[in-house]
Structures are given as structure tokens and as C-alpha cells.
Amino acid sequence: MDIDGNQKRGYLNQDFRLFHLKDQIKQDFAPHYHDFDKIIIFLSGNVTYLVEGKAYPLKPLDILLINHHAIHKPVIDAEVPYERIIIWINSEFMEAHSKDSYNLSTCFHLADVRSINMIRMDAPFQTKIRTLLYDLEQAMSEHDFASPLLANSIFLQFIIHLNRIMIEGREAVSGSLYKGNPHILELLRYINTHLGDDLEIDALSEIFFLSRSYLMHRFKEETGYTIHSYIQQKRLLFATELIRNQIPVMEACYQAGFSDYSTFSRAYKKMYGASPRTSMKETIPYQV
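Let me sum up the structure you'll find in this document. (Residues numbered from 1 in each chain as written. Predicted model: local features only at pLDDT ≥ 70, side-chain atom pairs only at ≥ 80, totals over all residues. Heavy atoms only, no water.)

This part is about the overall build of the chain. Along the chain, the regular secondary structure elements total 11 helices and 10 strands. In terms of C-alpha radius of gyration, the chain reaches 20 Å, essentially the compact-globule figure of 19 Å for 288 residues. For the C-alpha atoms alone, the extent of the chain along its principal axes is close to 55 × 45 × 40 Å. Relative to all contacts within the chain whose residues are 6 or more apart in sequence, the contacts with residues 24 or more apart total 75%. On the chain, roughly 14,600 Å² of surface is accessible, and the fraction owed to carbon and sulfur atoms is 52%. Between the centroid of the 30 positive side chains of the chain and the centroid of its 35 negative side chains there is a distance of 2 Å. (Helix = DSSP H or I, 4+ residues; strand = E, 2+ residues; numbered from the N terminus. Rg over C-alpha atoms; globule rule 2.2 N^0.38 Å. Contact = heavy atoms within 4.5 Å. Areas by Shrake-Rupley, 256 points an atom, 1.4 Å probe, with all protein chains shown as cover. Lys, Arg positive; Asp, Glu negative; His and termini not counted. Charge placed at Lys NZ, Arg CZ, Asp CG, Glu CD.)

Have a look at this one:
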């Protein structure tokens, strides 16, 4: 399941999982993605997080909203202890607690639409979020009466507050909070909204008035992917989502931008270790 050194990581079969980690070891993470949404609360260290071509230098209590299928990786200074809270979220849990008048996944949707993944809060909101996270960790470590229900209720308060911050526009949205090559950021946006179109490198070079060699070199430098591998993986992720939403396999293949089924099937088997039709019948486990 490894394509160009990048991979899907993590397994989630609960409503959500929380990890509070602190370490000081040299780690070189490959760019990777998840099939679930992920929240990172940075507590301390010297870390820059790369998300879909943007580099976010983090400050304490910065929050990153990582949408499912978003390519990301941390760049960690091993000389400084790195402490963070990571929360993996099951979309079915979010859907079950959403209504017609509100959707708990709105914060991730807005992060995607605004093309910025970081929340940098003012002091009052930091205090509120810190308190909720402390209470959530305590509830998850207890075995008292209805502790799982208590943990769920605190988590829901936490995600409601994140949504309110995003909806009210209180999050930091300044471009100075991240770094990224503007040509590559524009190219990434184009690719992700035109997966069904012709995305050959020569075609992209003409659309963006940039040389083929510049595109290939800078794209790899900014994202960790070759353009071909990135496009293929995004198309496969899109096709998988269509199939799991009951779109016929052949139709999903062409909607996702593949020119023929045999190419799609081979790429799918290489990525998931199973045929596209198999994924309609069973859940393919995530690689840890």
C-alpha cells in the first residue's frame, strides 16, 4: 500500500480516539493521509506541519484541522521535546450527532473551502479549549459510572466550540501564518477540483504557463509527491469514496478521471491490496 513512499496510516473503529504524546526522538515522517478527519492540538516543541503544500510553523495551542484524504506530514526538530494531542474522528459519529440545521463536520468543510487548516485562538478561547481537553482526557481514563457517555459529551462540546470558532471567523486566516509556493498551491487547488479532467503534465504546464521541468521539480519539493503519483492517489481516493456511496465501479472509475478500467483496477489493487469490486462488499483495513 505504499505509493511513491507515501501511505495511509491509522486504524479507527471507535467514535473517536485521543492520543496525548510527548517525545524527543528523531523521526522522518513520509507524507501520508487518513480516511478519517484528524485534529492536532500543538502543545510544545519546534514543529512545522505540512498540509497539502502549505507549511504551518506551530505555536502552543495552535489547532490543525486535517481533512480526510489530505496529504500531510510533520517536520520535527528532534532537539526539542514535541508534545501534542491528536484526535481521530469517525465521520459516522459526527453524522449521527448532526441535524439538518447544523453539521458537526462544518469546521473541516470550512478549512477545506478557505484552504487554511490552522486555528490560532485568542486567550479566552485557548482557556476554554484547554479546559475541555483536560476534562476529556480525564473522562477517557476513568472507569466510573457512564464514563464513556461523559467522554462523548465533552468531546461534542469541544467540536461544537471548534465549529463556532470557524463559523464566526475567529480563527487566524492570515497568509503570513503559513508558507507555500503560490504556483503549487494554485495547482493543487486545480487538481483537486478537476480530477475528472485531463491532468497530464503537459496540459497542466500549458494551463499555468509554467515549464514542465519547473512544475515537476517544485511540486515534488513542496508536497513530497511526484505530480503523477499525487493525481493518481487523489483519483483513487475519490473513486473509493464514490464506490462506498453506491456509485457503480465502472462509473466511479471514469468520474474519477481514469481513461480505462484496467488502469484503474491495477492502481486500485496496488494501493488497497484488493479489487474495486471487493471494496463494495467489505471494509479494507487501514495500514498502521
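Our focus in this paragraph is the packing of aromatic side chains. Per the counting criterion, the structure on display carries 15 aromatic pairs. Here the aromatic rings of Phe-93 and Phe-155 are separated by 5.9 Å at their centres, their planes lie at 45°, and the arrangement is tilted. Of this pair, Phe-93 sits in helix H1 (residues 91-96) while Phe-155 sits in helix H4 (residues 147-167); the two residues are 62 residues apart in sequence, bridging distant segments of the chain. By relative accessible area, Phe-155 is classed as buried at 0%. (Phe/Tyr/Trp six-rings, centres within 6.5 Å; stacked < 30°, edge-to-face > 60°. Buried < 20%, exposed > 50% of the residue type's maximum accessible area, 1.4 Å probe, protein only.)

A few words now on helix H2 (residues 106-114). Among the residues making up H2, those that are buried are Cys-107, Phe-108, Leu-110 and Ala-111. Buried residues along H2 cover an arc of 160° about the axis, so they all sit on one side. Those residues of H2 that are exposed and aimed more than 90 degrees away from the buried face are Asp-112 and Val-113. Structurally, H2 contributes buried residues whose contacts are with strand E4 (37-44), strand E7 (63-66), strand E9 (82-89), H1 and H4. Looking one or two residues past H2, Ser-115 carries a phi angle of roughly 60°, positive in sign. (Arc of directions from axis to C-beta.)

General note: in soluble globular proteins, nonpolar side chains tend to be found buried as a group. With 36 residues, the main nonpolar core has Leu-187, Ile-191, Leu-204, Phe-219, Ile-227 and Phe-264 as its most contacted residues. Elements represented by at least two residues in this core include exactly helix H5 (182-193), helix H6 (201-208), helix H7 (212-223), helix H8 (227-244), helix H9 (249-255) and helix H10 (261-272). With 8 residues, the single largest contributor to this core is H8. With near-sequence residues (within four places) excluded, Phe-219 lies in contact with Ile-184, Leu-187, Leu-188, Ile-191, Tyr-214, Gly-224, Tyr-225, Thr-226, Ile-227 and Tyr-230. Counting residues in hydrophobic clusters, the runner-up holds 35 residues, among them Phe-93, Leu-132, Leu-133 and Leu-162. (Core = buried A, V, L, I, M, F, W, Y, C linked by side-chain atoms within 4.5 Å.)

The next point concerns the sheet that holds strand E2 (residues 16-23). Across the sheet, which stays open at both edges, the 5 strands sit in the order E2-E9-E4-E7-E10 with antiparallel pairing between neighbours. Pairing within the sheet leaves two strands with one partner each, and these edge strands are E2 and strand E10 (118-119). Each of E4, E7 and E9 touches H2; the most contacted strand, E7, lies at about 85° to it. Along the sheet face, helix H3 (residues 123-141) touches E2, E4, E7 and E9 and points at about 105° away from the line of E2. (Pairing = 2+ DSSP bridges. Axes fitted to C-alpha atoms, helices over the stretch in contact; angles between N-to-C directions.)

The backbone phi angle of His-69 is positive, close to 75°, even though this residue is not glycine. In this structure, His-69 sits in the loop between E7 and strand E8 (72-76). Take His-69: its relative accessible area is 13%, and that puts it in the buried class. A positive phi is found at Gln-246, a non-glycine position, where the angle reads about 70°.

Of the two faces of strand E5 (residues 47-51), the one lined by Val-47, Tyr-49 and Val-51 is fully buried and the one lined by Thr-48 and Leu-50 carries no buried residue. Of the pairings in the sheet, the one linking E5 to E8 comprises 5 bridges and is antiparallel in character. By the bridge assignment for E8, Leu-50 is matched with Lys-73. Across 4 bridges, the pairing between E5 and strand E6 (residues 54-57) is antiparallel. Across the sheet, residue Thr-48 finds its bridge partner in E6, namely Pro-57.

By the secondary structure assignment, Phe-209 is in the loop between H6 and H7. With 49 residues separating them along the chain, Phe-209 and Ile-160 place their C-alpha atoms 43 Å apart.

Turning to the packing of H5 against H7, a few remarks are in order. Between H5 and H7, the shortest axis-to-axis distance is 10 Å and the interhelical angle comes to 90°. Put simply, H5 runs roughly perpendicular to H7. Contacts from His-183, Ile-184, Leu-187, Leu-188 and Ile-191 of H5 reach H7 at Tyr-214, Leu-215, Arg-218, Phe-219, Glu-222 and Thr-223. Looking at the contact of H5 with H7 residue by residue, the class counts come to 7 nonpolar, 2 polar and 2 charged. (Parallel < 35°, antiparallel > 145°, perpendicular 65-115°, else oblique. Nonpolar A, V, L, I, M, F, W, Y, C, P; charged D, E, K, R; others polar.)

Along the polypeptide, Val-47 turns up in strand E5. Owing to a relative accessible area of 2%, Val-47 belongs among the buried residues under this scheme. Val-47 sits 31 residues away from Ala-78 along the chain, and the two C-alpha atoms are 9.2 Å apart. Residues in contact with Val-47, not counting those within four places in the same chain, are Phe-42, Tyr-56, Pro-57, Leu-58, Pro-74, Val-75, Ile-76 and Tyr-82.

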